[in-house]
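Architecture at a glance
In case you want the letters, here they are:
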Amino acid sequence: MTESGRLLQVIVCAADAARDVGRLVTLAQDEGWTVQVVATPSALDFVDVPALERQTGCPVRSRYRTPDEPKPPRADAIIVAPATYNTVNKFAQGIADTYALGLLAEAPGLGIPVVVVPFVNDALATRAPFRRSVEGLRAEGVRVLTGASESDPVDTGDESRESHPWALALTEISGKQAHRARADRS
């Protein structure tokens, strides 16, 4: 259990919007979340690890722990933002070849609310494997945020870095966690 009682894991993938993930951290902390950033190995080149560690007070995790390291606390909720084509597809297939994907592979089975914010280009978003992955994740209760329609991904143009839907992702996860808490009390 964290000090606030609510641990949000923010899983960051290697996409341009990852540079701005500190905005999501700030918004979550303002809502009372304790935030743990988990970066895919490729995302480490996109984020300012020391700045995120100062901001969260936690190390940015990107690898499985060694047997002698303490087990980190389990998240109460997970936001994957920005989520790349590879991560969305691997998550949907249950592939756990990185620490981040290992957390995601377990989350639906543990009842941990997950919100995914895809950050893919139009060519990849229109591919059948991606569309099937989004559909499969939604069937498991994962909320996948998309653009104007449910089948469109979030815009990935350079101008979208400023308007990346950090607040929308947090609103969705807060709503899912509140719903889960009500169901647990019933």
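Right above here is the structure, for reference.
1. Some details on the packing of aromatic side chains
Tallying each qualifying case throughout the model produces two aromatic pairs. With a centroid separation of 5.6 Å and an interplanar angle of 85°, the aromatic rings of Tyr-64 and Tyr-99 are classed as edge-to-face. Of the two residues, Tyr-64 sits in the loop between helix H2 (49-56) and strand E3 (77-83) while Tyr-99 sits in helix H4 (residues 99-110), which places them 35 residues apart along the sequence. For the ring pair Tyr-85 and Phe-130, a centre distance of 6.0 Å and an interplane angle of 15° mean the geometry is stacked. Of the two residues, Tyr-85 is situated in helix H3 (residues 85-93) and Phe-130 in helix H6 (residues 128-139); the sequence distance between them amounts to 45 residues. Comparing Tyr-85 with Phe-130 shows no difference in burial state: the two are buried. Here the basic side chain of Arg-6 rests over the ring of Trp-33, its NZ or CZ set 4.2 Å away from the ring centre.

2. Section: the packing of H3 against H4
Where H3 meets H4, the closest approach of the two axes is 9 Å, and the angle between their N-to-C directions is 45°. Taken together, H3 and H4 sit at an angle that is classed as oblique. The chirality of how H3 crosses H4 is right-handed. The segment H3 lies against H4, with Thr-87, Lys-90 and Phe-91 engaging Leu-101, Leu-104, Ala-105 and Pro-108. When the residues that make up the contact of H3 with H4 are grouped by side-chain class, the tally is five nonpolar, one polar and one charged.

3. Overview of the environment of Arg-143
Along the polypeptide, Arg-143 turns up in strand E5 (residues 143-144). Within the structure, Arg-143 has its side chain in polar contact with the side chain of Glu-172 (distance 3.1 Å).

4. Description of H3
Turning to H3, its buried residues number three or more, namely Tyr-85, Thr-87, Val-88, Asn-89 and Phe-91. In this fold, the buried residues of H3 make contact with E3, H4, strand E4 (114-118), helix H5 (122-125) and H6.

5. Topic: the pairing of E3
Taking burial as the measure, the seven residues of E3 include seven buried ones, the bulk of the element. Summarising the sheet, strand E1 (residues 7-12) and E3 pair through four bridges and their orientation is parallel. Looking across to E3, one finds that Leu-8 is bridged to Ala-77. Across four bridges, the pairing between E3 and E4 is parallel. The residue bridging Ile-79 from the neighbouring strand is Val-115, located in E4.

Reading the values: the criteria
- Residues numbered from 1 in each chain as written.
- Predicted model: local features only at pLDDT ≥ 70, side-chain atom pairs only at ≥ 80, totals over all residues.
- Heavy atoms only, no water.
- Phe/Tyr/Trp six-rings, centres within 6.5 Å; stacked < 30°, edge-to-face > 60°.
- Helix = DSSP H or I, 4+ residues; strand = E, 2+ residues; numbered from the N terminus.
- Buried < 20%, exposed > 50% of the residue type's maximum accessible area, 1.4 Å probe, protein only.
- Lys NZ or Arg CZ within 6 Å of the ring centre and 35° of its normal.
- Axes fitted to C-alpha atoms, helices over the stretch in contact; angles between N-to-C directions.
- Parallel < 35°, antiparallel > 145°, perpendicular 65-115°, else oblique.
- Left-handed = near helix turned anticlockwise from the far one by under 90°.
- Contact = heavy atoms within 4.5 Å.
- Nonpolar A, V, L, I, M, F, W, Y, C, P; charged D, E, K, R; others polar.
- Polar contact = N/O pair within 3.5 Å; in protein donor to acceptor, adjacent residues only side chain to side chain.
- Pairing = 2+ DSSP bridges.

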